[in-house]
Amino acid sequence: GPLEEVSLPLYFGWFLLSSIQDKIKCTSMDFLKTLDTLEAFKKHLIDFSGKAEEVDLEQYFQPTGILHCTTKFCNYGKAEGAKEYAEKQAVKDSYGSIFNLSLGALFVTPRTFGARVSLTEEQLQLWPADADAEKQVESVPAAASLPLGSRAHVTLGCAEGVEPVQTGIDLLEILTLQQEGQQGEQVEEMELGTLTYYGTGKWLLNLREPISAPACFSSFYG
Ligand code: 2AM
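Everything quoted here is computed from the prediction, not taken from an experiment.

With that out of the way, let us pick up the layout of surface pockets. The volume enclosed by the largest pocket comes to roughly 620 Å³. As for the largest pocket, its lining consists of 21 residues, of which H68, T70, F73, P164 and V165 are closest to the centre. Within the residue set of the lining of the largest pocket, elements represented by two or more residues are strand 3 (68-73), strand 6 (153-159) and helix 10 (165-179). The element best represented in the lining of the largest pocket is strand 3, accounting for four residues. Per-class residue counts for the lining of the largest pocket are ten nonpolar, eight polar and three charged.

Look at helix 2 (residues 18-37): 29 Å from first C-alpha to last across 20 residues, which is about the 28 Å you get at 1.5 Å a residue. Within helix 2, the full set of buried residues consists of I20, Q21, I24, T27, S28, F31, L32, L35 and D36.

Another point: the site of the ligand. As a structural note, the neighbourhood of the ligand is formed by Y11, H68, T70, F73, H153, T155, P164, V165 and T167. At 2.6 Å, a side-chain N or O of H153 approaches an oxygen atom of the ligand. In this structure, an oxygen atom belonging to the ligand sits 2.8 Å away from a main-chain N or O atom of P164. Protein contacts shield 78% of the accessible area of the ligand, which totals 470 Å² for the unbound molecule. Spatially, the ligand is embedded in the largest pocket. Contributions of two or more residues to the shell around the ligand are made by strand 3, strand 6 and helix 10.

Quick look at the environment of D36 now. Its place among the elements puts D36 in helix 2. Distance in space between the C-alpha atoms of D36 and S19 is 26 Å, their sequence separation being 17 residues. Discounting residues that sit within four places of it in the chain, D36 has contacts with F41, K42, V55, D56 and L57.

All right, on to the pattern of salt bridges then. Pairing is possible between side chains of opposite charge, provided their charged atoms come close. Summed over all chains, the structure comprises five salt bridges. A salt bridge links K202 to E173; the shortest N-O distance between them is 3.2 Å. Here K202, found in the loop between strand 8 (193-197) and strand 9 (203-220), pairs with E173, found in helix 10; they are 29 residues apart in sequence, far enough to count as distant. The exposure classification of K202 matches that of E173, with both residues buried.

If you look at the biggest cluster of nonpolar residues, it comprises 52 residues, and the most contacted ones within it are F31, L101 and W203. Counting residues per element, this core draws most heavily on strand 9, which supplies seven residues. Of all hydrophobic cores here, the second largest spans 14 residues; its members include F107, L146, L171 and L177.

Let's shift gears to helix 10. Over its 15 residues, helix 10 extends 22 Å from the first C-alpha to the last, a length consistent with the 21 Å expected when each residue adds 1.5 Å. Counting buried positions along helix 10 yields eleven of 15 residues, so the element is predominantly enclosed. Remark: G181 follows helix 10 within two positions and exhibits a positive phi of approximately 95°.

A positive phi angle, close to 50°, is found at N75, a residue other than glycine. For N75, the position within the fold is in the loop between strand 3 and helix 6 (82-87). On the basis of relative accessible area, N75 is assigned to the partly exposed category, the value being 24%. Of note, Y76 is a non-glycine position whose phi angle comes to about 55°, a positive value.

This part is about the pairing of strand 6. Among the seven residues that make up strand 6, seven are buried, leaving the element largely enclosed by the rest of the structure. Here two bridges tie strand 2 (residues 61-62) to strand 6, and the two strands are oriented antiparallel to one another. Within the sheet, the bridge partner assigned to Q62 lies in strand 6 and is C158. With five bridges joining them, strand 5 (residues 112-118) and strand 6 adopt antiparallel strand pairing. When the bridges of strand 6 are listed, G114 appears paired with T155.

Here is what the cut-offs are and how they apply
Residues numbered from 1 in each chain as written. Predicted model: local features only at pLDDT ≥ 70, side-chain atom pairs only at ≥ 80, totals over all residues. Heavy atoms only, no water. 1 Å grid on protein atoms, 1.4 Å probe; cavity = no way out; pocket = protein on both sides within 12 Å on 5 of 7 lines; lining within 4 Å. Points joined across faces, edges and corners; volume = space filled by probe spheres on them. Helix = DSSP H or I, 4+ residues; strand = E, 2+ residues; numbered from the N terminus. Nonpolar A, V, L, I, M, F, W, Y, C, P; charged D, E, K, R; others polar. Expected span 1.5 Å × (residues − 1). Buried < 20%, exposed > 50% of the residue type's maximum accessible area, 1.4 Å probe, protein only. Near = heavy atom within 4 Å. Polar contact = N/O pair within 3.5 Å; in protein donor to acceptor, adjacent residues only side chain to side chain. Areas by Shrake-Rupley, 256 points an atom, 1.4 Å probe, with all protein chains shown as cover. Sits in = over half its atoms within 2 Å of the grid points. Contact = heavy atoms within 4.5 Å. Salt bridge = Lys/Arg side-chain N within 4 Å of Asp/Glu carboxyl O. Core = buried A, V, L, I, M, F, W, Y, C linked by side-chain atoms within 4.5 Å. Pairing = 2+ DSSP bridges.

Structure below.
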């Protein structure tokens, strides 16, 4: 097939359809706007700017292009396991198909802004077999014991100078804290859901109603 004849992509993933991209961009901007104004957020501002000065979160996070959930970062074949992933039967069978992703939470850190994706069993078939190795993020050693697919997310924005790969690491950090039994500090019932603070600038909004996002499984060459 065509996948073997050309070089491997930068990454494989689910690409959100344009109608839902607009909706998510609106919802996430509304969330940032509200977060900005909360006393609880202002109290921890030092985590964001290093100073107790106001930040405009909508400006703070730069958009990172088409909204997607990366399954396998291939780096044109240079990443470990890239070829094996591209050759997986499930990957070939699903290429070009539409899936419904469930976005259950939004999270904000001083580095990144993202949405957590809860994968179904079927969707986990497209999660790389070496994801365990991928979870071995040096800065988050405990992430290795999280369930497969924990890292699944959509990057919504990054602070200046931060690479999108950081979003998944930030999510793993929050999930690790949860798994270790840290309840966090429930700061606010928002219209969208419950907002919890996990310390050092880590905020998680559990959505009352998960966003169902239709997305096409495909790849990006750049
Ligand atoms: P993201 O999935 O958090 O958005 C191109 O850089 C895409 O591949 C981005 O979407 C990026 O992050 C993801 N990416 C980059 N490097 C990666 C890595 N080492 N592991 C997993 N995903 C990576």
